[in-house]
Amino acid sequence: MPPASAQERLEGLRIIAPAAPGGGWDQTARVMQQVLQEAGLASGVSVENIPGAAGTIGLARFIGAERGNGDAVMVSGLIMLGAIVTNRSPVTLDDVVPIARLTGEYEVLAVPAGSPFRTLADFLEAFKARPESISWGGGSAGGSDQILAGLIAQAVRVAPSRVNYIAFSGGGESLSAILGGQVSVGVNGLAELAPHISGGTLRALAISSGGRLAGLDIPTLREQGVDVEFENWRSVVAPPGISDEDRRRLAETIDAMVHSEPWRRALEQYRWIDRYLAGDDYARFADAEEARVQAILRELGTGRGERSFADAGPYPLFVLAGLVVFGIASVLSFRRHGGPDGGVLIAPARWGAVARPTGRVWQPIAVLAVGILIHLTLAERAGFIVAAAALFWFTARAFDARHPLRDAVFAVAVSAGAWLLFARVLQLPLP
Amino acid sequence: MADLPLASIVAAAFGGVAWGIFGGALPGISPSITMALLLPLTFGLEATTAIVMLASTYVGAEYGGSIPGILIRTPGTNAAAATVVDGYALKEQGKAGEALGISLYSGFVGGLFGLTVLYLLTEPLSTVALAFTPAAYFALGMLGLSVIASLSRESLVRGLLAGVIGLMISTIGTDPVTGLNRFTFDSPELLSGIPPILVMVGVYAIAELMAQAGETGWQHAPRERARIRFPRPAVWKRIARPQAIGSVIGTFEGMMPGGGGAISSFIAYDQARRFSRHKEEFGKGSVEGIAAPEAANNTVACTALVPLLSLGIPSSNSAAVLLGGFLMHGLVPGPMLLVENGEVVNGLYLGLLAANIAMVVVGYLVMTPCLWLVGQPRPYLTAFIFALVVSGVYAVETSLFHVGVALVFGAVGYAMRYFKVPVLPMVLGVVLGFMVESNYRRALVLSDGDHMTFIQDRVSAGLLLVAVLFVIGSLLRHVRDRRTRHAGR
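Residues numbered from 1 in each chain as written. Chains lettered and ligands numbered in written order. Predicted model: local features only at pLDDT ≥ 70, side-chain atom pairs only at ≥ 80, totals over all residues.

Draft legend 1. Just the overall build of chain B, in detail. Within chain B, the regular secondary structure consists of 21 helices and two strands. For 489 residues, the compact-globule estimate of 2.2 N^0.38 gives 23 Å, and the C-alpha radius of gyration of chain B, at 22 Å, lies within 12% of that figure. In terms of overall dimensions, chain B has a C-alpha envelope of 70 × 60 × 50 Å along the principal axes. Of all 489 residues assigned to chain B, the portion counted as buried reaches 69%. (Helix = DSSP H or I, 4+ residues; strand = E, 2+ residues; numbered from the N terminus. Rg over C-alpha atoms; globule rule 2.2 N^0.38 Å. Buried ≥ 20, exposed ≤ 12 C-beta atoms within 10 Å, placed from the backbone.)

What follows is the structure in structure tokens.
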């Protein structure tokens, strides 16, 4: 019989945040870590960041490396669904075990206070009349802001491919473009826009929630006749192949977490909206969202193979032309002046030190290369300390260190030190 | 002001700066990551203390990045890339201590200048960021790239070639406008593009390592004994101008989203050279070449708070982490913050003042161990640098693929040295490429494909004009130099 208590403590839970430190997923993971420990639901909780490609790299790594591990979870969400489509990721959220949806953020359509659009109806009239004349500003391509723009277009029977969406990278750039009136309308998360709406510099046309939010005088899309409900949700998933027992334990721990006092406090501090939905209900929700996101992104034209180089406008051609011109000119200048004398550019005083390679020069570089190869082979097989020690030893060797044994001792000491530094002090994982 | 928890603010400033210098000095660990790693720790702190701690980390990291830049030719942060050139050249002349002293002192001057601007002018300057349209950002990027023309003194062609290669590298990854994948060769690791810091680690640190391995005769060179030296009065006078240039440029760059420390350092470096009486020393160990970029990137650490506090606009990744810190404590940066939470903002100003002082104190204290470290026997020192760089790259990217990328750029950097193609323009291209391309295309989408938008937008037109003037000026000098050289023969 397993212990009956729902509060059994998880030991050494690892939370994967498929993003660099500082973003929304990372914050979610770190708040979970904090709350789980504070509420006594788990001990020794750690957070690992696997950044890259809007979470799809983290997803692929999670599925590959954590299969069957009952002590690992990953933070996920709507943006990952979009990224799976745009990046044509070989793995999808169907490959992981859904645990629960945790939080959500609603999106707001807003215009600067001086905009001619007083209401959503004004705006939609102009949009329907000449879709291309309206520029929509928001976050990165294929992200939640663009998805909502596409859904609204679809709901008012304008082909989403005609949405003139300007993708800005990062919240700062899109917010300043919206505030500066550089785009006709801004689509962004409520949290980013709220201070400017209450301050009067922006006018909110609509919010994407199902009903009006308490304390906020913003009409919903739906009550203004646009049948769209949308949120940028975040969830937690477990690796494939875990036992039912592990799954039950994780689900119970998360359930206890979202009902704890520290979680409630954290939601308030971060202004996240509690959108807890567990088990099969969440799985069904995620499936429906996946279908919706895939369909709209296809309509918007992101992630399809057919759109190509030409869409980038003349920019790549400029770069290419520059490369050809300067490449030819460089070859000519080499021929005229010869290599080494062709002109010393911005350089340290010792610049000319790279001598014409001779046997004496290549030998240490070869030793260096051997060290690098051994490091790369060993790093994920034998662990970081061994691999880094090998690298250290070979590098020292390339530089004429003559005491193999003493070098080896130094090597192990230095790599153990580096491991402590990164893995323990900075909490950044090494193999 | 009386109610502020002074003692805890000062303690937080010292703690934050120390942590920032540590994180910034580790190659690969950016200021934003250093700050984010501290976030969970600030969760339990009182709001003002927590925010001071994060802001101080930013201040510390901007200085910390220049330590490895000067000592081991590896910029710890993107913004320290411009410092590497003259900093490392000075180190090679046995003046590492002096270089570090100038960097620290210039960072302090820049920080104080930025803080003064922040304190006095936050409200009037808050709209500067909003005046920048995509066209203007494109022009700003071009201004940054125009630096290449004057950096490539003797072979303009190869400098431009390197710059274009840098721009090409920056197009790898996800298309900023359509979200499509380009040049990723179906490798998922390339989807996010190649982080500039990997290119820098490769072409600077690893290429340097390879070059040193190939050298002979260093065994007989005398051991360097660098001592810490703060700038003498004569040097003070000399670096006042580059510091002023750096501070002014840093002020504006800090306020613009997407600008940030790296661009400001490059432009400041270039401008300092333009206005210098000792142009010929640049690139060969000029004290001015350290003072300008270091003043600039520390000014940015303060002025980045202008749009953040007044509008809630984070102008860089580091500012975004700081924004997270505000939100975590229920504070919303924006127009109402200055009105409703004036005491937190005042506490922050005070904390930043303390942080700049702490930077000098802590910075001075860490110099001795750093100099001791680089005074070790060459085989162990280089092996240590290599192990540290590789672990830093791995720890941040958690993938061996990126370690491989850095090593490939090491080989590229070595080849470039051999063929005497300058690496700095390539680094500049990689750093600015994304900004130039994405804003060029955004501007065209907004203008319906009409290139006139770059001239009709006043800010853009002005910046482009300045860029063109820079390039023409550099070309004229180029021609003149060549003539005098021919005449001398």
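From this point, things continue past the structure.
Draft legend 2. Up close: the confidence of the model for chain B. Residues and elements named next belong to chain B. Taken over all residues, the pLDDT of chain B has a mean of 84, while the share at 70 or more is 93%. In the model of chain B, strand E2 (residues 181-182) stands out as the element of lowest mean pLDDT, 76, in contrast to helix H3 (residues 47-64), which has the highest, 92. Both confidence scores are given for the complex: pTM 0.82, ipTM 0.78. (pLDDT = per-residue confidence, 0-100.)

Draft legend 3. Broad picture of the interface of chain A and chain B. Facing 97 residues of chain A, the contacting portion of chain B comprises 103 residues. Its residues assigned to classes, the side of chain A that touches chain B shows 52 nonpolar, 35 polar and ten charged. (Contact = placed C-beta atoms within 7 Å. Nonpolar A, V, L, I, M, F, W, Y, C, P; charged D, E, K, R; others polar.)

Draft legend 4. Looking closely at the environment of Met-359 of chain B. Residues and elements named next belong to chain B. Looking at the secondary structure, you find Met-359 in helix H16 (residues 342-374). C-alpha of Met-359 to C-alpha of Gly-166: the two residues are 193 residues apart in sequence and 33 Å apart in space. If we ignore the near neighbours within four places in the chain, the residues touching Met-359 are Val-17, Val-59, Gly-60, Tyr-63, Gly-107, Phe-108 and Gly-111.

Draft legend 5. Focus on unusual backbone geometry. The phi torsion at Arg-157 of chain A lies on the positive side, around 60°, for a residue other than glycine. We classify Arg-157 of chain A as exposed; it has 7 C-beta atoms within 10 Å. Despite not being glycine, Arg-73 of chain B shows a phi value in the positive range, around 60°. As for its placement among the helices and strands, Arg-73 of chain B is situated in the loop between helix H4 (66-72) and helix H5 (81-92).

Draft legend 6. Representation of the pairing of strand E10 (residues 202-207) of chain A in the model. Residues and elements named next belong to chain A. Of all the six residues making up E10, five are buried; the element is thus mostly covered by neighbouring parts of the structure. Where strand E6 (residues 97-112) meets E10, five bridges bridge the pair, whose relative direction is antiparallel. Bridge pairing links Val-108 to Ile-207 in E10. (Pairing = 2+ DSSP bridges.)

Draft legend 7. Broad picture of the nonpolar core. Grouped together as the largest cluster of nonpolar side chains are 315 residues, with contacts concentrated most on Val-203, Ala-387 and Val-427 of chain B. Excluding anything up to four places from it in sequence, Val-427 of chain B contacts Ala-81, Gly-166, Val-199, Met-200 and Val-203 of chain B. (Core = buried A, V, L, I, M, F, W, Y, C linked by C-beta atoms within 7 Å.)

Draft legend 8. Region of interest: the environment of Asn-69 of chain A. All names here are of chain A. In this structure, Asn-69 sits in the loop between helix H2 (56-65) and strand E5 (72-77). Judged by C-beta crowding, with 16 C-beta atoms within 10 Å, Asn-69 ranks as partly exposed. Between the alpha carbons of Asn-69 and Ser-174 there is a distance of 40 Å; along the sequence they are 105 residues apart. Residues within four places of Asn-69 in sequence aside, it is in contact with Pro-239 and Ile-242.

Draft legend 9. Focus on the confidence of the model for chain A. For chain A, per-residue confidence averages 82 on the pLDDT scale, and residues scoring 70 or more make up 88% of the total. Taken together, the stretch residues 1-6 of chain A has pLDDT below 50 and engages in four contacts with residues farther than four places along the chain or on a different chain.

Draft legend 10. Representation of the environment of Val-414 of chain A. On the secondary structure map, Val-414 of chain A appears in helix H14 (residues 404-425). Overall, the presence of 22 C-beta atoms within 10 Å leaves Val-414 of chain A in the buried class. Counting along the chain gives 25 residues from Val-414 of chain A to Ala-389 of chain A, while the straight-line C-alpha distance between them is 7.4 Å. Not counting residues within four places of it along the chain, the set of residues in contact with Val-414 of chain A comprises Phe-392 of chain A together with Phe-384 and Ala-387 of chain B.

Draft legend 11. Broad picture of the packing of helix H1 (residues 6-25) of chain B against helix H2 (residues 31-42) of chain B. Residues and elements named next belong to chain B. Contact pair H1 / H2: the axes reach a minimum separation of 9 Å and the direction vectors enclose 135°. In terms of axis orientation, H1 runs oblique to H2. When you trace H1 past H2, the crossing you get is right-handed. Counted together, Trp-19, Gly-20, Gly-23 and Gly-24 of H1 and Pro-31, Thr-34 and Leu-38 of H2 form the full contact between these two elements. Taken together, the residues of the contact of H1 with H2 sort by class into three nonpolar, four polar and no charged. (Axes fitted to C-alpha atoms, helices over the stretch in contact; angles between N-to-C directions. Parallel < 35°, antiparallel > 145°, perpendicular 65-115°, else oblique. Left-handed = near helix turned anticlockwise from the far one by under 90°.)

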